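Understanding the architecture of this molecule
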Amino acid sequence: MAGLAVNVDHIATLRQARGVNYPDPVAAAVLAELAGADGIVVHLREDRRHIQDRDVYLLRKTVLSKLILEMAATDKMLTIAADVKPELVTLVPEKREELTTEGGLDVITHADTVAKAIATLHRHKIKVSLFIDPATDQIQKARDIDADMIEIHTGAFCDARTPAEKDTAFAAIIEAAKTAARLNLGVNAGHGLCYNTIKWFRGLNEIDEFSIGHSIIARAALVGMQQAVKDMLNLVNAL
Ligand code: PXP
């Protein structure tokens, strides 16, 4: 059965919009865990547009499930990760030139940098996932440079406008999940998933965990954090 990791970045977005100290992503993480989340995800961006260093350090002390840190493969971020020791680091692109055409981290072009980051994190006993497009060459490269997992970028699928585009994009996700599992890579999936698109994943048993933020936080604004997480968990558990 797939798990659900809840990304609380956008609680911090709301806080930063006013430059005040509420709402607190740490409080949101507690509520997400009480509702049954299998992990808490935060993306520490170089411009600190939402999550702050203080959030990451506090979450390290409060998260009871597992803490997943999304970050760029830079020296500064690696130093923070080595200090915080999250259960998993997901390496994501920070700058446009690190992106593939679809939007995942281009691990082929940046193989050296990403491989060095993986080796550093492994020295600190931190598992590493790579956020990549559903493309066989990217998945093979992730395997070659010793990633533990991949996170399939589901943005192209979620953004697809026509049924035909959606079918094509989802076929690529199926192929990617099966390829990664065959290569003994763990398989996460995320970006743009909502209470409707999640239903497409029924029967795709290769996915270990979904990483979902915006749609859950958006629903939480109306029905509360625990209800929003439970609603998504019910859908994930029914896959
Ligand atoms: N996975 C990764 C690697 C991401 O960068 C994001 C967005 O921060 C997500 C998952 C969650 O995406 P969303 O907020 O659209 O659910």
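Residues numbered from 1 in each chain as written. Predicted model: local features only at pLDDT ≥ 70, side-chain atom pairs only at ≥ 80, totals over all residues. Heavy atoms only, no water.

**So, the packing of aromatic side chains**
Following the criterion strictly, the structure yields six aromatic pairs and no others. Measuring from centroid to centroid gives 5.0 Å for Phe201 and Phe210, while their planes differ by 80°, and the two rings are edge-to-face. In this structure, Phe201 and Phe210 share a single accessibility class: buried. An aromatic cluster is built from Phe157, Phe170, Trp200, Phe201 and Phe210, whose rings are joined through pairwise contacts. Positioned over the ring face of Phe157 is Lys166, at 5.0 Å from the centre of the ring. The aromatic ring of Tyr195 is capped on one face by Arg219, whose charged end is 3.6 Å from the ring centroid. (Phe/Tyr/Trp six-rings, centres within 6.5 Å; stacked < 30°, edge-to-face > 60°. Buried < 20%, exposed > 50% of the residue type's maximum accessible area, 1.4 Å probe, protein only. Lys NZ or Arg CZ within 6 Å of the ring centre and 35° of its normal.)

**As for the site of the ligand**
If you check the shell around the ligand, you find 13 residues, and the closest are Glu70, Glu151, Gly192, Gly213 and His214. A distance of 3.1 Å separates an oxygen atom of the ligand from a polar side-chain atom of Glu70. At a separation of 2.8 Å, an oxygen atom of the ligand approaches a polar backbone atom of His214. Here the ligand, which alone exposes 390 Å², has 90% of that area covered by the protein. Residues that form the shell around the ligand fall into these classes: three nonpolar, seven polar and three charged. (Near = heavy atom within 4 Å. Polar contact = N/O pair within 3.5 Å; in protein donor to acceptor, adjacent residues only side chain to side chain. Areas by Shrake-Rupley, 256 points an atom, 1.4 Å probe, with all protein chains shown as cover. Nonpolar A, V, L, I, M, F, W, Y, C, P; charged D, E, K, R; others polar.)

**Observations regarding the state of the cysteines**
By definition, a disulfide links the sulfur atoms of two cysteine residues through a covalent bond. Overall, the coordinates contain zero disulfides when judged by the stated rule. Cys158 takes part in no disulfide bond, and the closest cysteine sulfur, belonging to Cys194, lies 6.4 Å away. (Disulfide = S-S within 2.5 Å.)

**Section: the sheet that holds strand β8 (residues 209-212)**
Pairing is parallel around the closed barrel formed by eight strands, whose spatial order is β1-β2-β3-β4-β5-β6-β7-β8. Neighbour to neighbour, the strand axes of the sheet diverge by 25° on average, direction disregarded. Across four bridges, the pairing between strand β2 (residues 39-43) and strand β3 (residues 67-71) is parallel. Within the sheet, the bridge partner assigned to Val41 lies in β3 and is Ile68. (Pairing = 2+ DSSP bridges. Helix = DSSP H or I, 4+ residues; strand = E, 2+ residues; numbered from the N terminus. Axes fitted to C-alpha atoms, helices over the stretch in contact; angles between N-to-C directions.)

**Points about the nonpolar core**
In terms of nonpolar packing, the biggest core is built from 73 residues, with Leu91, Leu130, Phe210, Ile216, Met225 and Val229 touching the most fellow members. Setting aside residues up to four positions removed in sequence, Leu130 forms contacts with Leu91, Val107, Val114, Ile118, Ala142, Ile145, Ala147, Met149, Ile150 and Glu151. Core analysis: the second largest hydrophobic core is formed by five residues, Ala5, Val41, Ile68 and Met149 among them. (Core = buried A, V, L, I, M, F, W, Y, C linked by side-chain atoms within 4.5 Å. Contact = heavy atoms within 4.5 Å.)

**Considering the pattern of salt bridges**
If you walk through the whole model with that rule in mind, you get nine salt bridges. The residue Asp24 makes a salt bridge to Arg54 at a minimum N-O spacing of 2.7 Å. Placement of the pair is Asp24 in the loop between α1 (9-18) and α2 (25-34) and Arg54 in helix α3 (residues 53-62), with a sequence separation of 30 residues. A relative accessible area of 39% means that Arg54 is categorised as partly exposed. Note that Lys178 and Glu206 form a salt bridge whose closest N and O atoms lie 3.2 Å from each other. Within this pair, whereas Lys178 is found in helix α8 (residues 163-182), its partner Glu206 is found in the loop between β7 (186-190) and β8, the two being separated by 28 residues in sequence. With relative accessibility at 37%, the residue Lys178 sits in the partly exposed group. By relative accessible area, Glu206 is classed as partly exposed at 23%. Overlapping salt bridges, with partners in common, bring together Arg15, Asp24, Arg54 and Asp55 in one network. (Salt bridge = Lys/Arg side-chain N within 4 Å of Asp/Glu carboxyl O.)

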